[in-house]
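# Notes for the structure review
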Amino acid sequence: MTTQMTRVRPAAPPERRRRRARTRTANVADVGRPGFLWAAPATLFFAAFALVPLIMVVVLSFMSWDGIGDPEFAGLDNWRRVLDDPVMIKSIWLSLLLTGLGVAIQTPLSILLGVWAAGNQKNRAVLSAIYFLPLLLSATAVAVVWGALLDPNFGVPAEAAWLFGDGNLYGEQATAIGVLAFVSTWQFTPFHTLIYQGAARAIPPVLYQAAEVDGAGRYRQFFHITLPQLRNAMITSMILMVVGGLTTFETVLILTQGGPGTDTTISAYYMYERAFRSFDYGAGAAIALVLVLAATLISLIMVRLSGYDKMRSTTEGL
């Protein structure tokens, strides 16, 4: 009978163990942080198509140029004319109004449809595919289609006078703004529905299982689990709505052309009129910068007030 001796390796000194731990941590950090070259293509793309044009617009806002000849330095003249223009002030309020209507209408619709599309209902996939069809159309195509459907002479309003009166939905400011809000809602709600659908599917099922054990019904689960878990998706969606609402252009150009009068002349359309119809490119550039500043400021305020910048996990505590 033989006895095997097992040699026990002595424990490493504490300093060596700490050095090994630091080495492993550094290796993990190196693996998780790729070099700058990985971001170089996106950085160059962003610089070429975002930063450079933005810098050119900033320079042009201090120039006087009609599109012919060489631009001449005008100082703050363009900014004075734009900020003193009552149509410009009115266009800002109209832009904020349409943006607010979009957020107020599209957000609850998108949340309800997104949560529904994330479920396992019968025929859900087919109905979702049909509902998402507007995402395949451009804003111009959508505006042309609805312009034909709502035409006061040959469209639906002409055939349903009992509902639409004289059929001219573009003759008054309230109905014209209502048409713009409706068309934008029809087109962009499916996009935001996709955001909420993905976020709803990412909610851990264990939360609902625990709620059922505690006796919580479907409505309590929605308000106490689903909505809080959709907070980050909600902020992202609303920021996209704000930026998209402030830069809406094609719908107004095709449906109302800023009318009646200037009652639907939003800032993006007014920029187009000043730059490409009045050939006042300096003033148009100044209006564009006002839109950029407004969208950036509102987005930063929303991020700050919502706490989204802290990026707290919605699954914290699981």
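Up top is the structure.
Cut-offs used in this document
- Residues numbered from 1 in each chain as written.
- Predicted model: local features only at pLDDT ≥ 70, side-chain atom pairs only at ≥ 80, totals over all residues.
- Heavy atoms only, no water.
- Core = buried A, V, L, I, M, F, W, Y, C linked by side-chain atoms within 4.5 Å.
- Buried < 20%, exposed > 50% of the residue type's maximum accessible area, 1.4 Å probe, protein only.
- Axes fitted to C-alpha atoms, helices over the stretch in contact; angles between N-to-C directions.
- Helix = DSSP H or I, 4+ residues; strand = E, 2+ residues; numbered from the N terminus.
- Parallel < 35°, antiparallel > 145°, perpendicular 65-115°, else oblique.
- Left-handed = near helix turned anticlockwise from the far one by under 90°.
- Contact = heavy atoms within 4.5 Å.
- Nonpolar A, V, L, I, M, F, W, Y, C, P; charged D, E, K, R; others polar.
- Phe/Tyr/Trp six-rings, centres within 6.5 Å; stacked < 30°, edge-to-face > 60°.
- Salt bridge = Lys/Arg side-chain N within 4 Å of Asp/Glu carboxyl O.
- 1 Å grid on protein atoms, 1.4 Å probe; cavity = no way out; pocket = protein on both sides within 12 Å on 5 of 7 lines; lining within 4 Å.
- Points joined across faces, edges and corners; volume = space filled by probe spheres on them.

This part covers the nonpolar core. In summary, soluble globular proteins display a tendency toward joint burial of nonpolar side chains. Ranked by internal contacts, the top residues of the largest apolar core, which has 16 residues, are L150, V179, V183, L255 and I266. In terms of nonpolar packing, the next biggest core, distinct from the first, is built from 12 residues, I111, A199, A200 and I225 among them.

Axes are the key here: two packed helices are described by the angle between their axes and the distance separating the axes. Contact pair helix α6 (residues 139-149) / helix α9 (residues 173-201): the axes reach a minimum separation of 11 Å and the direction vectors enclose 130 degrees. Classified by the angle their axes make, α6 and α9 are oblique. Here α6 and α9 pass one another in a crossing that is right-handed. Across the interface between the two elements, A139, V142 and W146 of α6 pack against F182, V183, W186 and Q187 of α9. Grouping the constituent residues of the contact of α6 with α9 by class yields six nonpolar, one polar and no charged.

A full pass over the atoms with the stated rule returns 12 aromatic pairs. Between W65 and Y281 the ring centres are 5.2 Å apart and the planes differ by 40 degrees, which places this aromatic pair in the tilted class. Taken together, the residues span a long stretch of sequence, with W65 in the loop between β1 (63-64) and β2 (72-73) and Y281 in helix α15 (residues 281-306) at a distance of 216 residues. Plain terms: the ring middles of W146 and W186 are 5.6 Å apart, the flat faces sit at 80 degrees to each other, and that makes the pair edge-to-face.

This next bit is on the pattern of salt bridges. Counted under the stated rule, the structure contains six salt bridges. Across the pair R277 and E273 runs a salt bridge, and its minimum N-O distance is 3.8 Å. Of this pair, R277 and E273 both sit in helix α14 (residues 267-277), four residues apart, roughly one helical turn. With a relative accessible area of 42%, R277 lands in the partly exposed category. According to the relative accessible area criterion, E273 is partly exposed, its value standing at 23%. Across the pair D280 and R274 runs a salt bridge whose closest N-O atoms are separated by 3.1 Å. One salt-bridge network, held together by shared partners, links D77, R81, D85, R274 and D280.

Turning our eyes to something else, we now look at unusual backbone geometry. Of note, the amide linkage connecting G259 to P260 takes the cis form, showing an omega dihedral of 0 degrees. With respect to the secondary-structure elements, P260 resides in the loop between α13 (250-255) and α14. At Q257, a position not held by glycine, the phi torsion is positive, near 50 degrees. Looking at the element boundaries, Q257 is found in the loop between α13 and α14. Assessed through its relative accessible area of 49%, Q257 is described here as partly exposed.

Now for the layout of surface pockets. Of the pockets and cavities examined, the largest pocket occupies roughly 690 Å³. Together, 18 residues line the largest pocket, and V115, G119, Q121, Y208 and T226 are the ones closest to its centre. Elements with a minimum of two residues in the lining of the largest pocket: α4 (86-117), α9, α10 (205-213) and α11 (218-229). In terms of residues, the lining of the largest pocket owes the most to one element, α11, which gives six residues. Across the lining of the largest pocket, the residue classes tally to 10 nonpolar, five polar and three charged. Volume-wise, the second largest pocket comes out at about 330 Å³. Together, 22 residues line the second largest pocket, and S184, F188, G244, G245 and T248 are the ones closest to its centre. Mapped onto the lining of the second largest pocket, the elements with two or more residues apiece are α4, α9, α12 (231-246) and α13. Counted by class, the lining of the second largest pocket contains 11 nonpolar, 10 polar and one charged residues.

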